[in-house]
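Residues per chain are reported as follows:
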Amino acid sequence: MDYINLNYTPKESDLLSCMIIKGDDLKKLANEIAGESSIGTWTKVQTMKSDIYEKLKPNVYEIKEIGNDGKYKIGLIKIAYPLYDFEINNMPGVLAGIAGNIFGMKIAKGLRILDFRFPKEFIDEYEGPEYGIEGVRNTLKIKERPLLGTIVKPKVGLKTEEHAKVAYEAWVGGVDLVKDDENLTSQDFNKFEDRVYKTLEMRDKAEEETGERKAYMPNITAPYNEMIRRAEIAEDAESEYVMIDVVVSGFSAVQSFREENFGFIIHAHRAMHAAMTRSKDFGITMLTLAKIYRLLGVDQLHIGTVVGKMEGEEREVKAIRDEIVYDKVEADNEHKFFEQEWFGLNSVFPVSSGGVHPRLVPKIVEILGRDVIIQAGGGIHGHPDGTRAGAKAMRAAIEAVMEGKPLEEKAEEVIELKKALEYWK
Ligand SMILES: O=C(O)[C@@](O)(COP(=O)(O)O)[C@H](O)[C@H](O)COP(=O)(O)O
Ligand SMILES: [Mg+2]
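What you see is a predicted model; the values in this text were computed from it and never measured. (Residues numbered from 1 in each chain as written. Chains lettered and ligands numbered in written order. Predicted model: local features only at pLDDT ≥ 70, side-chain atom pairs only at ≥ 80, totals over all residues. Heavy atoms only, no water.)

## Section: the overall build of the protein
- Helix and strand counts for the protein come out as 18 helices and 15 strands.
- A globule of 425 residues ought to have a C-alpha radius of gyration of about 22 Å, and the protein, at 23 Å, matches this closely.
- When its C-alpha atoms are laid out on the principal axes, the protein stretches across 70 × 45 × 35 Å.
- Across the 425 residues in the protein, those meeting the buried criterion constitute 57%.
- Of the roughly 17,600 Å² of accessible surface on the protein, 48% is carried by carbon and sulfur atoms.
- Looking at the protein, you have 58 positive and 72 negative side-chain charges, and the mean spots of the two groups are 4 Å apart. (Helix = DSSP H or I, 4+ residues; strand = E, 2+ residues; numbered from the N terminus. Rg over C-alpha atoms; globule rule 2.2 N^0.38 Å. Buried < 20%, exposed > 50% of the residue type's maximum accessible area, 1.4 Å probe, protein only. Areas by Shrake-Rupley, 256 points an atom, 1.4 Å probe, with all protein chains shown as cover. Lys, Arg positive; Asp, Glu negative; His and termini not counted. Charge placed at Lys NZ, Arg CZ, Asp CG, Glu CD.)

If you want it as structure tokens, here you go:
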């Protein structure tokens, strides 16, 4: 079957895919990828009818040889899929096709999905974020400044009361959002149900004492039915938020959970993403995953810090930010390979987390702007004077940026910041 059509002009309604591929024969490989990701297989089948082929065949409309690795050719290809191929509002089903078997084909010596372009008809089938940046800012009553978050540390091991106490210390020190770590679920030493009620009690206390809105993001990641049961507990405890490890929970669970319409702000942690996103030879870029999670309706998503402990360079992290924040995104043919319009779908609040401490705050805001949630775990609970001091130092760093003051100058006003700057050089 032939799917190569370099004269094809994609329709507004096509779903487009851009990949970087490696192989002996780029045209042959592109053709195999197009077939395997749609209606084809390794041999012609007698059961294929011409109308199926005509109606459902994708078009490989661009093949650009961009180099070689000394053994194989490297190419950039673009494929246009007719929407008729898909059960549009079934994300796991769609991905099983356009991002499924193709990674396992012997003929592919490299295959990385760089970007998808979702057409209006596709986007209209998805809920998208319920709150986004605006809704989260309204909920927390924070108009302009970056939001400050923390992850209770150590990741696991604290008993419920200890967990709630650490959360309280962070809130009264100036943190807005406290979250569970990605691997804290309902271990024997810190049961989910007790933790949610106790921590939200502390939230209420901190709100009273500080006069500021505070929020807790309990991690409901679990097998789906249990995830729902935990969401109901969080609802009963009057949590505004839930946190989900979206990659390990799967596209199906994330889509279904959003469609439950509990009314929570959904914080998406991306633990395991790098297993798919980091290799330059095989996988899917974080930008592509971020676009999928915007469609599925998470309100906050980890995208990287550039300056912290996790990989992700500046231009890539910025491109991801663009895709989840703006309504219209231009292509840059470096990380964003399609012009993408989101047709009014709510934004997703970018989360910058991982190895963050006060000295890194100005750079993070310089790179990502003020619409960012800056999160620090070690950078708060590792402060020499403890959690409350660590929170004060991070909050002061954010205020310094808002006041246009160098950190060192602000540190003269806030001793906790001074100590943090000395401690984390
Ligand atoms: O466990 C951690 O490492 C964190 O809690 C950060 O803690 P620290 O502040 O102590 O580093 C987050 O899970 C990472 O930020 C995830 O990475 P990413 O945001 O890149 O998905
Ligand atoms: Mg973590």
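## Side note on the sheet that holds strand E10 (residues 282-284)
- Reading across from one edge, E2-E3-E1-E4-E10 is the order of the five strands in this open sheet, with mixed pairing throughout. Edge positions in the sheet fall to strand E2 (59-68) and E10, since each has one partner strand and no second. Taking each pair of neighbouring strands and ignoring which way they run, the sheet shows an average axis angle of 15°.
- Sheet topology places E2 next to strand E3 (residues 73-81); eight bridges connect them, and they run antiparallel. Bridging across to E3, lysine 64 finds its partner in leucine 76.
- Lying over the sheet, helix H1 (residues 26-36) contacts strand E1 (15-23), E2, E3 and strand E4 (110-117), oriented at roughly 135° with respect to E1.
- Contacts from helix H3 (residues 91-98) reach E1, E3 and E4 within the one sheet, and its direction differs from that of E4 by about 135°. (Pairing = 2+ DSSP bridges. Axes fitted to C-alpha atoms, helices over the stretch in contact; angles between N-to-C directions. Contact = heavy atoms within 4.5 Å.)

## Here we look at the packing of helix H14 (residues 361-368) against helix H16 (residues 387-403)
- Taken N-terminus to C-terminus, the directions of H14 and H16 make an angle of 50°; their axes are 9 Å apart at the nearest point. Taken together, the axes of H14 and H16 are oblique relative to one another. In the crossing of H14 with H16, the sense of the turn from one axis to the other is right-handed. Residues Val361, Pro362 and Val365 of H14 touch H16, and the partners they reach there are Met394, Ala397, Ile398 and Val401. (Parallel < 35°, antiparallel > 145°, perpendicular 65-115°, else oblique. Left-handed = near helix turned anticlockwise from the far one by under 90°.)

## Focus on the UniProt feature "active site" (unreviewed entry) in the protein
- Following the UniProt record, one finds the feature "active site" (unreviewed entry) at Lys153 and His269.
- Considering the arrangement of structural elements, one finds lysine 153 in the loop between strand E5 (147-151) and helix H6 (160-173).
- In this structure lysine 153 comes out as partly exposed when scored by relative accessible area, which is 24%.
- Once residues within four sequence positions are removed from consideration, lysine 153 is found in contact with Leu158, Asp181, Gly377, Gly378 and His381.
- By the element assignment, histidine 269 lies in strand E9 (residues 265-269).
- Apart from residues no more than four positions distant in its own chain, histidine 269 is found in contact with Lys179, Glu182, Met243, Ile244, Asp245, Val246, Val247 and His302. (UniProt positions renumbered as here; feature names shortened; annotations may be inferred.)

## Let's talk about the nonpolar core
- Counting residues in each nonpolar core, the largest one holds 128 residues, and the members touching the most others are Leu15, Met19, Ile33, Phe122 and Phe257.
- Looking at this core, the element that brings in the most residues is helix H12 (residues 286-296), giving eight residues.
- In terms of domain composition, this core takes at least three residues from each of domain 1 (15-123) and domain 2 (132-423).
- Not counting the four nearest positions on each side in its chain, phenylalanine 122 is found in contact with Leu15, Leu83, Ile88, Met91, Val94 and Leu295.
- Core analysis: the second largest hydrophobic core is formed by nine residues, Tyr8, Tyr61, Leu76 and Ala80 among them. (Core = buried A, V, L, I, M, F, W, Y, C linked by side-chain atoms within 4.5 Å. Domains from an automatic or database assignment.)

## Things to note about helix H13 (residues 314-325)
- Here H13 spans 16 Å end to end across 12 residues, near enough to the 16 Å set by a 1.5 Å rise per residue.
- Most of H13 is tucked away, with nine of its 12 residues classed as buried.
- Looking at H13, one finds that the buried residues are Glu316, Val317, Ala319, Ile320, Arg321, Asp322, Glu323, Ile324 and Val325.
- The N-cap residue of H13 is glutamate 313: its side-chain oxygen and the backbone nitrogen of arginine 315 are 2.9 Å apart. (Expected span 1.5 Å × (residues − 1). Polar contact = N/O pair within 3.5 Å; in protein donor to acceptor, adjacent residues only side chain to side chain.)

## Remarks on the coordination of the magnesium ion (ligand 2)
- In this structure, Asp181 (OD) and Glu182 (OE) serve as the protein donors to the magnesium ion (ligand 2), at separations of 1.9 to 2.0 Å. Side by side, aspartate 181 and glutamate 182 carry an identical accessibility label, which is buried. (Donors = N, O, S within 2.8 Å, 3.2 Å for Na, K, Ca; no water.)

## Here we look at helix H8 (residues 224-236)
- For H8, with 13 residues, the first-to-last C-alpha span of 18 Å sits near the 18 Å given by 1.5 Å per residue.
- Residues of H8 that are buried: Met227, Ile228, Arg230, Ala231, Ile233 and Ala234.
- Of the surrounding elements, those touching the buried residues of H8 are helix H7 (192-210), strand E8 (241-245), helix H9 (246-249) and helix H10 (251-259).

## Focus on the site of ligand 1
- Lining the immediate environment of ligand 1, one finds 16 residues, of which Lys155, Arg270, Lys309, Ser353 and Gly355 sit closest.
- With respect to ligand 1, the backbone of glycine 354 contributes an N or O atom lying 3.2 Å from an oxygen atom.
- Contact with the protein chains hides 93% of the accessible area of ligand 1, taken as 490 Å² for the molecule alone.
- Considered class by class, the residues forming the shell around ligand 1 number three nonpolar, seven polar and six charged. (Near = heavy atom within 4 Å. Nonpolar A, V, L, I, M, F, W, Y, C, P; charged D, E, K, R; others polar.)

## Observations concerning the confidence of the model for the protein
- Put simply, the protein has an average pLDDT of 98, and 100% of its residues get 70 or more.
- Reported for the predicted complex are a pTM of 0.98 and an ipTM of 0.99. (pLDDT = per-residue confidence, 0-100.)

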